[in-house]
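Chain and residue survey
Residues per chain, in single letters:
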Amino acid sequence: MSQTVAESTAQDIKVQKLKPASPWRLAFKQLLKNKFAVGGLVVIVLMFLICFLGPLFSPYSLETMNIRNGNKAPSAAHWLGTDNLGRDILLRVMLAGRVSLLVGLVAMMISVAIGSTLGALAGYYRGWVDSVIMRLADIMMSIPSLPLLIILGAVLSDMKVPPDKRIYVVMFLLGFMSWPSLARLVRGQILMLREQEFMQAAEVLGLRDRRKIFRHLLPNTIPIIIVVATLMVAGAILQESVLSYLGLGVVPPTPSWGNMITAANNLIDFQKRPWLWVPPGVCIFFTVIAINVIGDGLRDVLDPKMKR
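This one's a predicted model, so the numbers in the text were calculated from it and none came from an experiment.

1. Focus: the overall build of the chain
Counting its regular elements, the chain contains 14 helices and zero strands. Along the chain, helices (α) and strands (β) appear in the sequence α-α-α-α-α-α-α-α-α-α-α-α-α-α when read from the amino end. Rg of the C-alpha trace for the chain: 25 Å, well past the compact-globule value of 19 Å for 308 residues, more than 25% over. Principal-axis analysis of the C-alpha atoms gives the chain an extent of 80 × 65 × 35 Å. Classification of the 308 residues of the chain by burial places 39% in the buried group. Only carbon and sulfur atoms are counted for the fraction: they give 67% of the accessible area of the chain, which is about 17,700 Å². Counting 31 positive and 18 negative side-chain charges, the chain places the averaged centre of each group 2 Å from the other.

Spelled out as structure tokens, the structure:
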């Protein structure tokens, strides 16, 4: 009896070993073999932990001002120095990281929602629906995004949108401006997938178009959406930083990495007080590089056509 149980257990173990791993698990294992992608992932995780948990341990607050202590160099009390109002630079960098990272993530989600939906509709229905959506995407892509964002930022300034609400408008603008490229990619994937056998089976079963698109077609485009989404986050962070640097994005008192760099708006600050602009600039650099490295690694893993 014990021998029979042992044999059955050994057979179960062999079956488990022969059971193929899921595609996502295989992709994750392949991603872990990419040292650059793993390094980028570590940087992003540390950046999120520092920005979202770091302010909880700071002895200072965003509203704390001490003009007598303004423009002080880094010290034991203020590791990254203070600004012209005596506010702690380290705390402001961490709080600004929250804003910049959230702007990038929310703008990416808006862009993915719009781009994937319109791309799926264009690829599935084709005909005049495809023509209208793709011509709209062509028009959006033909307009330089940065000058248009600068114009829209100037309009927001003229409309005197409150700073606490302006950040949400910036998120929406950045997300809305970047959907055409994703829509074109999703459309191409849908055009290929709709001719597959599983879609012919869906036609025979008489499924509704909504179910075909959102339950069968779009899930098969998730790998390419993930790759593009990671790169969109980096692009949104850069665009928000540029707009905030020009005074047209997130405006004080809400800190962001872009408007913190604006503090070095004269030669004296640029040469004599590097602690005002170097920390946010370094954060932008490493965050964007890390996200792009992760996106490059995901592209190699999830998109066989792009393997190097």
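And the narrative resumes.
2. Examining the UniProt feature "transmembrane region" (unreviewed entry) in the chain
Within the UniProt annotation, "transmembrane region" (unreviewed entry) is assigned to residues 36-57, 101-124, 136-155, 167-186, 217-238 and 275-298. Regarding residues 136-155, the helix share stands at 90% and the strand share at 0%, and the terminal C-alpha atoms are separated by 23 Å.

3. Some words on the packing of aromatic side chains
One pass over the structure, following the stated rule, counts five aromatic pairs. Note on Phe 48 and Phe 52: the rings are 5.6 Å apart at their centroids and 5° apart in plane angle, and the pair reads as stacked. Pair noted here: Phe 48 and Phe 52 are both in helix 3 (residues 35-53), with a separation of four residues, about one helical turn. Given the relative accessible area of 26%, Phe 48 is considered partly exposed.

4. Considering the packing of helix 11 (residues 222-245) against helix 14 (residues 278-302)
At their nearest, the axes of helix 11 and helix 14 sit 8 Å apart, and the two run at 165° to each other. Comparing their axes, helix 14 and helix 11 come out roughly antiparallel. Taken as a pair, helix 11 and helix 14 cross one another with a handedness that is left-handed. Along the contact surface, helix 11 presents Pro 223, Ile 226, Val 227, Thr 230, Leu 231, Val 233, Ala 234, Ile 237, Leu 238 and Ser 241, while helix 14 presents Ile 284, Thr 287, Val 288, Ile 291, Asn 292, Gly 295, Leu 298, Arg 299 and Leu 302.

5. Remarks on the side chain of Asn 259
Topologically, Asn 259 is positioned in helix 12 (residues 257-261). Overall, the relative accessible area of 11% leaves Asn 259 in the buried class. Separated by 3.0 Å, the side chain of Asn 259 and the backbone oxygen of Thr 254 make a polar contact. Within the local environment of Asn 259, its side chain forms a polar contact with the backbone nitrogen of Ser 256, the two atoms lying 2.9 Å apart. Setting aside chain neighbours within four positions, we find Asn 259 in contact with Ser 244, Tyr 245, Val 250, Val 251, Pro 252 and Thr 254.

6. Some remarks on the confidence of the model for the chain
Residues at a pLDDT of 70 or more form 90% of the chain, whose mean pLDDT is 82. Every residue in residues 13-18 is under pLDDT 50, and counting partners more than four places away or in other chains gives zero contacts.

7. A closer look at the layout of surface pockets
Its volume calculated, the largest pocket comes out at about 320 Å³. Lining the largest pocket are 19 residues, with Arg 87, Arg 92, Asn 259, Thr 262 and Ala 263 positioned closest to its centre. Elements represented by at least two residues in the lining of the largest pocket include exactly helix 4 (89-125), helix 11 and helix 12. Along the lines of polarity and charge, the residues of the lining of the largest pocket split into eight nonpolar, six polar and five charged.

8. Digging into the pattern of salt bridges
All chains considered together, the criterion is met by six salt bridges. A salt bridge links Asp 130 to Arg 187, with the shortest nitrogen-to-oxygen separation between them at 2.7 Å. A residue pair is termed long-range when its members are at least 10 positions apart, and Asp 130 in helix 5 (residues 127-142) and Arg 187 in helix 8 (residues 179-193) qualify at 57 residues. With its nearest N and O atoms 2.7 Å apart, the salt bridge here joins Arg 184 to Asp 138. With Arg 184 in helix 8 and Asp 138 in helix 5, this pair connects stretches of sequence that are 46 residues apart. The structure contains a network of salt bridges with shared partners spanning Asp 83, Arg 87 and Arg 92.

Rules used throughout
Residues numbered from 1 in each chain as written. Predicted model: local features only at pLDDT ≥ 70, side-chain atom pairs only at ≥ 80, totals over all residues. Heavy atoms only, no water. Helix = DSSP H or I, 4+ residues; strand = E, 2+ residues; numbered from the N terminus. Rg over C-alpha atoms; globule rule 2.2 N^0.38 Å. Buried < 20%, exposed > 50% of the residue type's maximum accessible area, 1.4 Å probe, protein only. Areas by Shrake-Rupley, 256 points an atom, 1.4 Å probe, with all protein chains shown as cover. Lys, Arg positive; Asp, Glu negative; His and termini not counted. Charge placed at Lys NZ, Arg CZ, Asp CG, Glu CD. UniProt positions renumbered as here; feature names shortened; annotations may be inferred. Phe/Tyr/Trp six-rings, centres within 6.5 Å; stacked < 30°, edge-to-face > 60°. Axes fitted to C-alpha atoms, helices over the stretch in contact; angles between N-to-C directions. Parallel < 35°, antiparallel > 145°, perpendicular 65-115°, else oblique. Left-handed = near helix turned anticlockwise from the far one by under 90°. Contact = heavy atoms within 4.5 Å. Polar contact = N/O pair within 3.5 Å; in protein donor to acceptor, adjacent residues only side chain to side chain. pLDDT = per-residue confidence, 0-100. 1 Å grid on protein atoms, 1.4 Å probe; cavity = no way out; pocket = protein on both sides within 12 Å on 5 of 7 lines; lining within 4 Å. Points joined across faces, edges and corners; volume = space filled by probe spheres on them. Nonpolar A, V, L, I, M, F, W, Y, C, P; charged D, E, K, R; others polar. Salt bridge = Lys/Arg side-chain N within 4 Å of Asp/Glu carboxyl O.

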